[in-house]
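# Notes for the structure review
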Amino acid sequence: MANMPSSIVLVGAGKMGGAMLQGWLSLGLNGASATVIDPYPSAELNALAARHGVRINPPEGSVSAPEVVLLAIKPQTLDAAAPDIGKLVGPDTLVVSIMAGKTIANIASRIPSARAVVRAMPNTPAAVGRGITGAAASAAVTPAQRETAAALLSAIGRFEWVPTEDLIDAVTAVSGSGPAYVFLLAECMAKAGVAAGLPPDLAERLARATVEGAGELMWRDATTGPAQLRKNVTSPGGTTAAALDVLMGPDGLEPLMTRAIAAAKQRGRDLSG
Ligand SMILES: NC(=O)c1ccc[n+]([C@@H]2O[C@H](COP(=O)([O-])OP(=O)(O)OC[C@H]3O[C@@H](n4cnc5c(N)ncnc54)[C@H](OP(=O)(O)O)[C@@H]3O)[C@@H](O)[C@H]2O)c1
């Protein structure tokens, strides 16, 4: 695949890091160009690495200054891991972080050798290749490094650059935390279905399949916006229109979602450091 790095070290191969490695390998990354550092690699990861010739936990000092170091450890483990990561990072190494809440300045202060840093925020549908990742780059990141970062992060779904790092809190609030809002929507639809007389298990299956199917329609038809897709299924005076009159009223979903996302953005800002 174009723009894949010639050498990459993945630090932390849990849920997110493991999904990314799988994505890179399925897109054609040469396993021999990848190294994984993770204290307790899962059996699944060991098997994947063995199949593709990916090195896991090589002796200290045997890998240095790769083209990319991708940090997929938990944010709270950064302080402990930083000295070892610092030894890996060379002057031309691109550091890509998916750690929630860790700013570019914070990463650079913990890892002084890190100059070119991309801070990215993926979301959990990455586990099935349907994530969306928003990212911001430090001033030292070159155009070629931006393309490499975009290629790596696109392996778990869609990818978007944001113009300034402060917008990462808004990305977190919309798409990072967003899957939970959609799950809640399915929960609420199921509960409302029960209130309308359906048995609970049937209401849940109907709500769940509706969210799955509507999501799939949006995914497949990326050129038609959600507002148009909604209009396409709303006949004037019909049943959908009756529900939308409630959902789109003054106390409807939009003001509620605006408040919810503002709260998540503020929380992200409070937790950043
Ligand atoms: N999951 C999400 O939806 C999501 C969304 C956006 C961003 N993120 C970010 O993605 C990052 C990873 O999340 P995750 O859900 O994949 O977490 P995870 O499953 O816990 O993965 C983290 C991995 O890093 C390993 N690790 C711990 N200390 C390490 C060290 N010093 N060197 C190398 N590896 C080390 C952990 O090993 P042990 O398990 O043995 O400790 C674990 O395998 C987090 O920073 C999170 O903020 C996650």
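Note that the structure is predicted; figures quoted are calculated from it, not measured.

## A short note on the overall build of the chain
- Helix and strand counts for the chain stand at 11 helices and 8 strands.
- Along the three orthogonal principal directions, the C-alpha set of the chain runs to about 70 × 40 × 30 Å.
- Long-range contacts, defined here as pairs at least 24 residues apart, represent 63% of the contacts in the chain between residues at least 6 apart.
- Element-wise, carbon and sulfur atoms account for 61% of the exposed surface of the chain, whose accessible area totals about 14,800 Å².

## Section: the nonpolar core
- Counting residues in hydrophobic clusters, the biggest one holds 35 residues, and the most contacted among them are Leu 21 and Trp 24.
- For this core, the secondary-structure elements that each account for two or more residues are β1 (8–11), α1 (15–26), β2 (34–37), α2 (43–52), β4 (68–71), β5 (94–97), β6 (116–121) and α5 (143–153).
- If near-sequence neighbours (up to four positions away) are discounted, Trp 24 is found in contact with Met 4, Ile 8, Leu 10, Leu 29, Leu 70, Leu 152 and Ala 155.
- With 18 residues, the next largest nonpolar core counts Val 69, Ile 73, Ile 111 and Val 117 among its residues.

## A word on the site of the ligand
- Near the ligand lie 21 residues; those nearest to it are Met 16, Asp 38, Ile 73, Ala 100 and Thr 124.
- The backbone of Lys 15 places a nitrogen or oxygen atom 2.9 Å from an oxygen atom of the ligand.
- Between the ligand and Asp 38 there is a distance of 2.6 Å, counted from an oxygen atom to a side-chain nitrogen or oxygen.
- When isolated, the ligand has an accessible area of 890 Å², and the protein chains bury 76% of it.
- Across the shell around the ligand, the residue classes tally to 15 nonpolar, 3 polar and 3 charged.

## Remarks on the domain arrangement of the chain
- Per the domain assignment, the segments making up the chain are domain 1 (8–171) and domain 2 (176–271).
- At the junction of the two partners, domain 1 supplies 13 residues and domain 2 supplies 9 residues.
- Here domain 1 packs against domain 2, burying approximately 930 Å² in sum over the two surfaces, 50% of which is carbon and sulfur.
- At the surface where domain 1 touches domain 2, the tally comes to 3 residue pairs in polar contact (both at pLDDT 80 or more).
- With 3 residues, helix α6 (residues 168–176) is the largest single contributor of residues to the side of domain 1 that touches domain 2.
- Tallied by class, the residues present in the side of domain 1 that touches domain 2 amount to 5 nonpolar, 4 polar and 4 charged.

## What to know about the sheet that holds β2
- The sheet built from 8 strands is open, its strands ordered β3-β2-β1-β4-β5-β6-β7-β8 with mixed pairing. Of all the strands in the sheet, just β3 (55–56) and β8 (157–161) have a single pairing partner and so form its edges.
- Two elements, β5 and β6, share 4 bridges in a ladder whose sense is parallel. In the sheet register, Ser 97 faces β6, and the bridge partner there is Arg 119.
- Set on the sheet, α5 makes contact with β1, β4, β5, β6, β7 (131–137) and β8; between it and β8 the angle comes to about 150°.
- Contacts between α6 and the sheet are confined to β6 and β7, with β6 contributing the most and set at about 30° to the helix.

## Looking at the packing of α1 against α2
- Where α1 meets α2, the closest approach of the two axes is 11 Å, and the angle between their N-to-C directions is 25°. On the basis of the axis angle, α1 is roughly parallel to α2. α1 and α2 meet at a crossing whose hand is left-handed. Contacts between α1 and α2 pair Gly 18, Leu 21, Gln 22 and Leu 25 from the former with Leu 45, Leu 48 and His 52 from the latter.

## Brief notes about the pattern of salt bridges
- One pass over the full model with this rule turns up 9 salt bridges.
- Close ionic contact of Arg 119 with Glu 165 constitutes a salt bridge, the shortest N to O distance being 2.8 Å. One end of the pair, Arg 119, is in strand β6; the other, Glu 165, is in the loop between β8 and α6, with 46 residues separating them in the sequence.
- Take Arg 119: its relative accessible area is 4%, and that puts it in the buried class.

## Section: the side chain of Ser 33
- Secondary-structure assignment places Ser 33 in the loop between α1 and β2.
- For Ser 33, the residues in contact, after removing those within four places along its chain, are Pro 5, Ser 6, Ser 7 and Ile 8.

So, how was this worked out
- Residues numbered from 1 in each chain as written.
- Predicted model: local features only at pLDDT ≥ 70, side-chain atom pairs only at ≥ 80, totals over all residues.
- Heavy atoms only, no water.
- Helix = DSSP H or I, 4+ residues; strand = E, 2+ residues; numbered from the N terminus.
- Contact = heavy atoms within 4.5 Å.
- Areas by Shrake-Rupley, 256 points an atom, 1.4 Å probe, with all protein chains shown as cover.
- Core = buried A, V, L, I, M, F, W, Y, C linked by side-chain atoms within 4.5 Å.
- Buried < 20%, exposed > 50% of the residue type's maximum accessible area, 1.4 Å probe, protein only.
- Near = heavy atom within 4 Å.
- Polar contact = N/O pair within 3.5 Å; in protein donor to acceptor, adjacent residues only side chain to side chain.
- Nonpolar A, V, L, I, M, F, W, Y, C, P; charged D, E, K, R; others polar.
- Domains from an automatic or database assignment.
- Buried area = accessible area lost by both parts, 1.4 Å probe.
- Pairing = 2+ DSSP bridges.
- Axes fitted to C-alpha atoms, helices over the stretch in contact; angles between N-to-C directions.
- Parallel < 35°, antiparallel > 145°, perpendicular 65-115°, else oblique.
- Left-handed = near helix turned anticlockwise from the far one by under 90°.
- Salt bridge = Lys/Arg side-chain N within 4 Å of Asp/Glu carboxyl O.

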